[in-house]
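The residues making up each chain are set out below.
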Amino acid sequence: MDRSVNVTVVYYSSTGTIHRLATEIAETAEKRGADVRLVRAAELAPQAAVQSRPAWAAHLKDTEDVPIAAVDDVLWADAVVFGTPTRFGNVSAQLKQFIDTLGPAWFSGLLADKVYSAFTSGGSIHGGMETTLVSIYNMVCHFGGIIVPPGGDLNPYGTSHVLGADNRPVCDIALQAAQVQAERVVRVARALKEV
């Protein structure tokens, strides 16, 4: 008998790419029988910066109904999937700020033994997407978490999408990678609950 698995997808997205991947991961996890929370990291950028880019302002308005991530969303989960655009080969400030709020939970040992995975996007093929994912996994090691990457032929560290100079929308290959990653996260989290 399949046991219920709780999956939280925590993401930050400025113009919608990471939101699209987060939605695909959440929907696939639900199709695999998981209870899912889709939550976003709070926006930290000044309003003037957001308003200076119409796509950024529009996306923020379009997703205002997505709940802001809270520590309880991570504590509730058996598996946590983090999503962030690449920022100079690292995690966005918005997602990192949320992760920093997990300090007391980490100190109490409440982040250990959960499944963790991550996904990202970047402007170019060698634009730091793998280092972004690895930096998330470095934090997961400190949590005592269990890293579940998708493996496979694409980016073995996690789903990634290259936007390019023309801000290409998320392609079918990236969406298929997100599905594979979500299925693996649910499968491994379920197996761990049965142990």
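Our structure's up above, just so we're on the same page.
These lines cover the structure that appears in this document, whether it is placed above or below. Owing to the predicted nature of the structure, the values given are computational and were not obtained by experimental measurement.

Cut-offs applied
Residues numbered from 1 in each chain as written. Predicted model: local features only at pLDDT ≥ 70, side-chain atom pairs only at ≥ 80, totals over all residues. Heavy atoms only, no water. Helix = DSSP H or I, 4+ residues; strand = E, 2+ residues; numbered from the N terminus. Rg over C-alpha atoms; globule rule 2.2 N^0.38 Å. Contact = heavy atoms within 4.5 Å. Pairing = 2+ DSSP bridges. Phe/Tyr/Trp six-rings, centres within 6.5 Å; stacked < 30°, edge-to-face > 60°. Buried < 20%, exposed > 50% of the residue type's maximum accessible area, 1.4 Å probe, protein only. Core = buried A, V, L, I, M, F, W, Y, C linked by side-chain atoms within 4.5 Å. Polar contact = N/O pair within 3.5 Å; in protein donor to acceptor, adjacent residues only side chain to side chain. Arc of directions from axis to C-beta.

1. Considerations on the overall build of the chain
Part 1 of the reasoning: For the chain, the count of helices and strands is eight helices and six strands.
Part 2 of the reasoning: In the chain, the order of α-helices and β-strands from amino to carboxyl end is β-α-β-α-α-α-β-α-α-β-α-β-β-α.
Part 3 of the reasoning: Against the globule reference of 16 Å for 195 residues, the chain gives a C-alpha radius of gyration of 16 Å, in line with a compact fold.
Part 4 of the reasoning: The contacts of the chain with a sequence gap of at least 6 include a subset with a gap of at least 24, amounting to 79%.

2. A few points about the pairing of strand E2 (residues 35-40)
Part 1 of the reasoning: Taken together, the six bridges between strand E1 (residues 6-11) and E2 define a ladder with parallel strand orientation. Looking at the pairing, Val9 lines up with Leu38 of E2.

3. Things to note about the packing of aromatic side chains
Part 1 of the reasoning: Applying the stated criterion across every chain yields a total of three aromatic pairs.
Part 2 of the reasoning: Consider the rings of Phe82 and Tyr116, whose centres lie 6.3 Å apart with planes at 10°: the pair is stacked. In this pair, Phe82 sits in strand E3 (residues 79-85) while Tyr116 sits in strand E4 (residues 115-122), placing the two residues 34 residues apart along the sequence. Each member of the pair, Phe82 as well as Tyr116, carries the same accessibility label: buried.

4. Examining the nonpolar core
The tendency in soluble globular proteins is for nonpolar side chains to be buried side by side.
Part 1 of the reasoning: If you look at the biggest cluster of nonpolar residues, it comprises 27 residues, and the most contacted ones within it are Val10, Phe82, Leu95, Phe98, Tyr116, Ile136 and Phe143.
Part 2 of the reasoning: Contributions of two or more residues to this core are made by helix H3 (54-62), E3, helix H5 (93-100), E4 and helix H7 (129-143).
Part 3 of the reasoning: Other than its neighbours up to four places away in sequence, Phe143 contacts Ile99, Leu102, Trp106, Leu111, Ala112 and Tyr116.
Part 4 of the reasoning: With 26 residues, the next largest nonpolar core counts Tyr11, Ala26, Val66 and Val186 among its residues.

5. Observations concerning the side chain of Thr23
Part 1 of the reasoning: In this structure, Thr23 sits in helix H1 (residues 17-31).
Part 2 of the reasoning: Using a relative accessible area of 17% as the deciding quantity, one classes Thr23 as buried.
Part 3 of the reasoning: One polar contact links the side chain of Thr23 to the main-chain carbonyl oxygen of His19, over a distance of 2.9 Å.

6. Observations concerning H5
Part 1 of the reasoning: Of the residues making up H5, those classed as buried are Gln94, Leu95, Phe98 and Ile99. For H5, the buried positions fall inside an angular range of 135° around the axis, keeping them on one side.
Part 2 of the reasoning: Looking at the buried residues of H5, the elements they touch are E1, helix H4 (71-76), E3, helix H6 (103-107) and H7.

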